Amino acid sequence: MSSNEVIPELIFISKILVSIFAVLGLSYVAENVSPKVAGLLSGFPLGSAIALFYIGLEMDIEFAAQSATFTLAGFSASLVLAYCYYHASRWLEKGDKYTRWQICSMSALMSISGFLIVAYVLNLSRLSLTASFMITLASICLFAFLFRHIDDTRVDTKVALTFRVSLLRALAAASIVLLITGIAKTVGTGWAGVLSSFPITLFPFLIIIHLSYGAASVHSVIKHYPYGLGALMIYTLSVSFVYPVLGLWLGTLLSFLFATVYLLLLLMLQLAGNCFRKLG
């Protein structure tokens, strides 16, 4: 078997494995730490980083760097997705008319619809990097304000991690990654970038947490998602600048470093805030 045949196969397998570990890792944090921390880590550049990395690997660095501008704008669409999921699940739970599975399914459809509508508008707008940054920054502030009244919850009774649950988590994330990276060349940098902003790891994670623990735990994750999204903004900004200069591997490493520093500072600030509230 030639190298040309082996490399695409290895890329395909690595996409699946990386996606699986990302979703399972978030689920582990939610079950063993808290949905709050999982919500913050959902903003860590996992899904979008996976998509942009493989776009750069399979096509070229310039294509990935240009796509990053649209990815940055697309994070506002991801926030709309979270907002739609929150309100749909909250509204559907009233009156006990639907089962948890029905609530989860309808909430998922409504949230995806919200994402695609905003993504379509953003793709038509052809925004600059500065405009993309400002729109997403404003969106983070807006949705953080809108989610401020959501109660924090903790997973007290853990659901056994069955093979079916693990398989669902894995297939959902891997399928989204394969779809986005597979159509990137066909749809161009605009749609490739906007679709890369889809919360690849967060979305299947929300569904699993909803089915396993109910809407309250999902809402707690959503509440803290806007704060963690700052890490994705930093990562994507870095990619747009450093990919053409440093290349794919070093550029990815440096961008992850910047995003990690942001999240560590954010977690430290939140811990300090909790300490002050307890002392007060």
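The structure presented is a predicted model; accordingly, all values stated were derived computationally and were not measured.

Caption draft 1: Layout of the overall build of the protein chain. Within the protein chain one finds ten helices and zero strands. Listing the helices and strands of the protein chain from first to last along the sequence gives α-α-α-α-α-α-α-α-α-α. Burial analysis of the protein chain (280 residues in total) assigns 51% to the buried set. Sequence-distant contacts, at least 24 apart, represent 83% of the contacts inside the protein chain between residues at least 6 apart. Surface accessibility of the protein chain: about 13,300 Å² in total, with carbon and sulfur atoms responsible for 70%.

Caption draft 2: Structural view of unusual backbone geometry. Non-glycine residue Arg126 carries a positive phi angle of around 55°. As for its placement among the helices and strands, Arg126 is situated in the loop between α5 (100–125) and α6 (129–146).

Caption draft 3: The packing of aromatic side chains, seen in detail. Overall, the coordinates contain nine aromatic pairs when judged by the stated rule. Feature note: the residues Tyr83, Tyr86, Phe143 and Phe147 constitute an aromatic cluster, connected by ring pairs. The cationic tip of Arg148 hangs over the ring face of Phe145; the distance from NZ or CZ to the ring centre is 3.7 Å.

Caption draft 4: Spotlight on the nonpolar core. Phe198, Ile222 and Tyr243 are the most contacted members of the largest nonpolar core, which totals 65 residues. Of all the secondary-structure elements, those providing two or more residues to this core are α3 (47–58), α4 (61–92), α5, α6, α7 (163–196), α8 (202–213), α9 (215–246) and α10 (248–279). Not counting chain neighbours up to four residues away, the residues in contact with Tyr243 comprise Leu52, Phe53, Ile61, Ala64, Ala65, Tyr235, Ser238, Leu248, Gly251 and Thr252.

Caption draft 5: Inspection of a nonpolar patch on the surface at higher detail. A surface patch of nonpolar side chains, about 420 Å² in accessible area, is lined by Phe12, Ile13, Leu17 and Phe21. In this structure, Ile13 sits in helix α1 (residues 3–32).

Caption draft 6: Broad picture of the packing of α4 against α6. Closest axis-to-axis distance for the α4/α6 pair is 7 Å, and the angle between their directions is 20°. The angle between α4 and α6 places the two elements in the roughly parallel class. Relative to α6, α4 is oriented so that their crossing is left-handed. Each of Thr69, Leu72, Ala73, Phe75, Ser76, Leu79, Val80 and Tyr83 in α4 lies in contact with α6, whose residues at this interface are Leu129, Ser132, Phe133, Ile135, Thr136, Ser139, Ile140, Phe143 and Leu146. Of the residues contributing to the contact of α4 with α6, the split by class is twelve nonpolar, five polar and no charged.

Caption draft 7: Spotlight on α4. Its 32 residues place the ends of α4 44 Å apart at the C-alpha level, agreeing with the 46 Å of an ideal helix rising 1.5 Å per residue. Across the 32 residues of α4, 24 count as buried, placing the element largely inside the fold.

Caption draft 8: Quick peek at the environment of Thr181. Looking at the element boundaries, Thr181 is found in helix α7. According to the relative accessible area criterion, Thr181 is buried, its value standing at 4%. Each C-alpha atom of the pair Thr181 and Phe53 lies 9.3 Å from the other, and the pair is 128 residues apart in sequence. When residues no more than four places from it in sequence are discounted, the contact partners of Thr181 are Lys15, Ala51, Tyr54, Ile55, Glu58 and Met59.

Caption draft 9: Local environment of the packing of α3 against α9. Two elements in contact, α3 and α9, have axes whose closest approach is 10 Å; the angle formed by their N-to-C orientations is 15°. It follows from the interaxial angle that α3 and α9 lie roughly parallel. Judged by the sense of rotation from one axis to the other, the crossing of α3 with α9 is right-handed. Residues Ser48, Ala49, Leu52 and Phe53 of α3 form the contact with α9, whose own contacting residues are Leu232, Tyr235, Val239 and Tyr243. Residue classes in the contact of α3 with α9 are distributed as seven nonpolar, one polar and no charged.

Caption draft 10: Focus on the environment of Gly182. Note that Gly182 resides in helix α7. The class for Gly182 is exposed, based on a relative accessible area of 51%. Considering only alpha carbons, one finds Gly182 and Ala51, 131 residues apart in sequence, at a separation of 9.8 Å.

Rules behind the numbers
- Residues numbered from 1 in each chain as written.
- Predicted model: local features only at pLDDT ≥ 70, side-chain atom pairs only at ≥ 80, totals over all residues.
- Heavy atoms only, no water.
- Helix = DSSP H or I, 4+ residues; strand = E, 2+ residues; numbered from the N terminus.
- Buried < 20%, exposed > 50% of the residue type's maximum accessible area, 1.4 Å probe, protein only.
- Contact = heavy atoms within 4.5 Å.
- Areas by Shrake-Rupley, 256 points an atom, 1.4 Å probe, with all protein chains shown as cover.
- Phe/Tyr/Trp six-rings, centres within 6.5 Å; stacked < 30°, edge-to-face > 60°.
- Lys NZ or Arg CZ within 6 Å of the ring centre and 35° of its normal.
- Core = buried A, V, L, I, M, F, W, Y, C linked by side-chain atoms within 4.5 Å.
- Patch = residues over 30% accessible without salt bridge, like charges linked within 9 Å, V, L, I, M, F, W, Y side chains within 5 Å.
- Salt bridge = Lys/Arg side-chain N within 4 Å of Asp/Glu carboxyl O.
- Axes fitted to C-alpha atoms, helices over the stretch in contact; angles between N-to-C directions.
- Parallel < 35°, antiparallel > 145°, perpendicular 65-115°, else oblique.
- Left-handed = near helix turned anticlockwise from the far one by under 90°.
- Nonpolar A, V, L, I, M, F, W, Y, C, P; charged D, E, K, R; others polar.
- Expected span 1.5 Å × (residues − 1).

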